[in-house]
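# Residue-level structure breakdown
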Amino acid sequence: MNLLILLRHSFELWNAPPWLSERVNRDFPAVQAIQRSSYDGIENHLGDAEVIISWSLRPEQFKVADKLRWIHSPAAAVHQLMFPELVQSDVILTNAREVHGPVVAESVMALVFALAKCLPQAIRLQQKHLWGQEVMWQGRPRPRELAGATLGLVGLGSIGQAVARHASNLGMRVLAVRESVEKGTPEGVHQVFASSQLDDMLGQSDYVVLAVPVTSSTRGLMNAARLAKMKSEACLINVGRGPLVDEAALAQAVRDKRIGGAALDVFEKEPLPADSPLWDLENLLITPHTAGLTEKLWERHYQLISENLRRYLDGKRLLTVVDKKRGY
């Protein structure tokens, strides 16, 4: 069985280390893994591949891969693969949501702490050599406690459930919106709302965390009207994908102090352009899509890949299968 690893990115960590294919070939004698870091001449390998590990495949490339049975994306987001030919096919699609979820959840909590304790303001004052105790106390929002505060989760996948556990352990009241309310209330969540009740949840939350995939129903989810539903001192945190947020509307809401602030790890366009107004907003914290970074990333990837390879070879159901009709 031929497995093609095809990953090419300008950021070093997103590229598979050389040991990945070597380890697959060592641990799975029935698998012949080929690793490529360039798309040049890739058509010569697509036709023989039964399994592909990649986050990007164009429709014309998919057509060439006529032996393909399974695609694994090392990313959590798979909207770039949702072209009709793949969606309508029998090819299985899996993603790495369980790899990234716990790590991103830690970053979410770091951002919540940073906003609660006004660390962005403190850093700006430090850069100016200013002792800003009075300034920070008179600012808005003021430094505040997390215990007793309400955190609203948009999404209860791997990230959302881990965030809920962390926040609950800190004494926060956790609310959540999920598409399928009938799935129940996970550990750490006080109340689950239906998607149609999002505005109700926003109005109760001191911190709103976006951790949902990009779909037709979530693109532009946090627009001007939705931002207006948030409490005046509430903060928005986005670790999902940039298109979830109307960035112009968010910039205006933060600038006009209609919400307390925001922390963004993902953006409509990445890298974030140097002339984006988001850079200069006083109560907006920017991290450059680093929420999922960890020195253990590829070891975590391999744990999932190897488990799913065992299941695939044994004819068992794979983990983290994407519902291609829903797009996540």
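Residues numbered from 1 in each chain as written. Predicted model: local features only at pLDDT ≥ 70, side-chain atom pairs only at ≥ 80, totals over all residues. Heavy atoms only, no water.

### Some remarks on helix 12 (residues 297-313)
- For helix 12, which comprises 17 residues, the first-to-last C-alpha distance of 24 Å matches the rise-based estimate of 24 Å (1.5 Å per residue) to within 8%.
- Turning to helix 12, its buried residues number three or more, namely Leu297, Trp298, His301, Tyr302, Leu304, Ile305, Ser306, Asn308, Leu309 and Tyr312.
- Buried residues belonging to helix 12 abut strand 1 (2-6), helix 1 (19-27), strand 3 (51-53), strand 4 (70-72), strand 5 (92-94) and helix 5 (97-116).
- Remark: Gly315 follows helix 12 within two positions and exhibits a positive phi of approximately 75°. (Helix = DSSP H or I, 4+ residues; strand = E, 2+ residues; numbered from the N terminus. Expected span 1.5 Å × (residues − 1). Buried < 20%, exposed > 50% of the residue type's maximum accessible area, 1.4 Å probe, protein only. Contact = heavy atoms within 4.5 Å.)

### Brief notes about the pattern of salt bridges
- Going through the model one piece at a time under the given rule, you end up with 12 salt bridges.
- A salt bridge links Asp27 to Arg26, with the nearest nitrogen and oxygen atoms 2.9 Å apart.
- Residue classification places Arg26 among the exposed residues on the basis of a relative accessible area of 59%.
- The partner of Asp199 in a salt bridge is Arg226, with the nearest N and O atoms 2.8 Å apart. Of the two residues, Asp199 sits in helix 9 (residues 198-204) while Arg226 sits in helix 10 (residues 224-227), which places them 27 residues apart along the sequence.
- Residue class for Asp199 comes out partly exposed when judged on its relative accessible area of 31%.
- Here the residues in one salt-bridge network are Glu179, Asp323 and Arg326, joined through shared partners. (Salt bridge = Lys/Arg side-chain N within 4 Å of Asp/Glu carboxyl O.)

### Some words on the nonpolar core
- Residues Met230, Leu236 and Leu250 are the most contacted members of the largest nonpolar core, which totals 32 residues.
- Going through the elements one at a time, strand 7 (173-177), helix 9, strand 9 (207-210), helix 11 (247-255) and strand 11 (261-264) are the ones with two or more residues in this core.
- Ranked by residues supplied to this core, first place goes to helix 11 with five residues.
- Met109, Val112, Ala149 and Val209 belong to the second-largest nonpolar core, a separate cluster that totals 31 residues. (Core = buried A, V, L, I, M, F, W, Y, C linked by side-chain atoms within 4.5 Å.)

### Observations regarding the sheet that holds strand 10 (residues 235-238)
- Pairing within the open sheet is parallel, and its seven strands lie in the order 8-7-6-9-10-11-12. One side of each edge strand has no neighbouring strand; the edge strands of this open sheet are strand 8 (191-193) and strand 12 (284-286). Strand-to-strand twist in this sheet, taken as the mean axis angle between neighbours without regard to direction, amounts to 15°.
- Lying over the sheet, helix 8 (residues 158-169) contacts strand 6 (150-154) and strand 7, oriented at roughly 175° with respect to strand 6. (Pairing = 2+ DSSP bridges. Axes fitted to C-alpha atoms, helices over the stretch in contact; angles between N-to-C directions.)

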